[in-house]
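Close look at the chain arrangement
So the chains spell out like this:
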Amino acid sequence: MTTGFNEHLGFTITESGPERVAATVVLGPEHHQPFGIVHGGVYCAIVETLASIGGSEYWTGPGRTVVGVNNNTDFLRAVSEGTLSAEALPIHRGRTQQLWAVTLTGEDGKLVARGQVRLANLERPTE
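The present account deals with the structure reproduced in this document.

Thresholds, definitions, all that
- Residues numbered from 1 in each chain as written.
- Predicted model: local features only at pLDDT ≥ 70, side-chain atom pairs only at ≥ 80, totals over all residues.
- Heavy atoms only, no water.
- Helix = DSSP H or I, 4+ residues; strand = E, 2+ residues; numbered from the N terminus.
- Rg over C-alpha atoms; globule rule 2.2 N^0.38 Å.
- Buried < 20%, exposed > 50% of the residue type's maximum accessible area, 1.4 Å probe, protein only.
- Areas by Shrake-Rupley, 256 points an atom, 1.4 Å probe, with all protein chains shown as cover.
- Lys, Arg positive; Asp, Glu negative; His and termini not counted.
- Charge placed at Lys NZ, Arg CZ, Asp CG, Glu CD.
- Pairing = 2+ DSSP bridges.
- Axes fitted to C-alpha atoms, helices over the stretch in contact; angles between N-to-C directions.
- Contact = heavy atoms within 4.5 Å.
- Patch = residues over 30% accessible without salt bridge, like charges linked within 9 Å, V, L, I, M, F, W, Y side chains within 5 Å.
- Salt bridge = Lys/Arg side-chain N within 4 Å of Asp/Glu carboxyl O.
- Polar contact = N/O pair within 3.5 Å; in protein donor to acceptor, adjacent residues only side chain to side chain.

1. Some details on the overall build of the chain
- What the chain contains, in helices and strands, is 2 helices and 6 strands.
- When the helices and strands of the chain are listed from N to C terminus, the series reads α-β-β-α-β-β-β-β.
- Taking 127 residues into account, the globule formula puts the C-alpha radius of gyration at 14 Å, and the chain, at 15 Å, falls close to it.
- The buried share among the 127 residues of the chain stands at 37%.
- Surface exposure of the chain reaches about 7000 Å², of which carbon and sulfur atoms provide 51%.
- Counting 9 positive and 13 negative side-chain charges, the chain places the centres of these two groups 9 Å from one another.

2. Side note on the pairing of strand β4 (residues 82-93)
- Both strand β2 (residues 21-27) and β4 contribute to a ladder of 7 bridges, which runs antiparallel. Counterpart to Val21 in the pairing with β4 is Ala88.
- As defined by bridge partners, β4 adjoins strand β5 (residues 97-105) across 8 bridges and the pair is classed as antiparallel. Paired with Pro90 across the strands is Trp100, a residue of β5.
- Between β4 and β5, which follow one another and run antiparallel, lie 3 residues.

3. Details of the sheet that holds β4
- Across the sheet, 6 strands lie side by side as β1-β2-β4-β5-β6-β3; this open sheet has antiparallel pairing. Only two strands of the sheet have a single neighbouring strand rather than two, namely β1 (11-16) and β3 (64-75). Between one strand and the next, the sheet's axes are offset by a mean angle of 20°, whatever the strand orientation.
- Lying over the sheet, helix α2 (residues 40-58) contacts β1, β2, β3, β4, β5 and β6 (111-123), oriented at roughly 145° with respect to β3.

4. Remarks on a nonpolar patch on the surface
- A surface patch of nonpolar side chains, about 210 Å² in accessible area, is lined by Val67, Val69 and Leu122.
- Considering the arrangement of structural elements, one finds Leu122 in strand β6.

5. With respect to the environment of Ala23
- Looking at where Ala23 falls in the secondary structure, it is placed in strand β2.
- The class for Ala23 is buried, based on a relative accessible area of 4%.
- For Ala23 and Leu104, which are 81 residues apart along the polypeptide, the C-alpha to C-alpha distance reads 9.3 Å.
- With residues up to four places along the chain from it excluded, the contact list for Ala23 reads Phe11, Thr12, Ile13, Thr14, Leu50, Leu84, Ser85 and Ala86.

6. Description of the side chain of Thr73
- Counting through the fold element by element, Thr73 comes out in strand β3.
- One polar contact links Thr73 to Asn71, side chain to side chain, over a distance of 2.6 Å.
- What Thr73 contacts, discounting residues up to four positions off in sequence, is Tyr43, Cys44, Val47, Arg114 and Gly115.

Put into structure tokens, the structure is as follows:
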């Protein structure tokens, strides 16, 4: 799961399952916006990715996939560098949709950002 866009973000999945997804990312200048702090889109992307991984682990099987339909991410503390820890936990998992909460915490244990992602559970016909 650390290919493509995820690889460019530079995070590492440390746990992946239907009950919890965890990751770390070492933040640096490549994550900054023009004022030298981490770009909010980095947080949004981590939130979306972890929720999608967890949702996929839950909604698994032939022809099944999940897609994000809403991502609300709040930026709580500005950071420029260091290691960020992220954790995604399910709030609701149903037949047609899921809701996941994701927290991003700095090295000092303080909350940097939090988000929630609603996923649609899709089933494609199998041949």
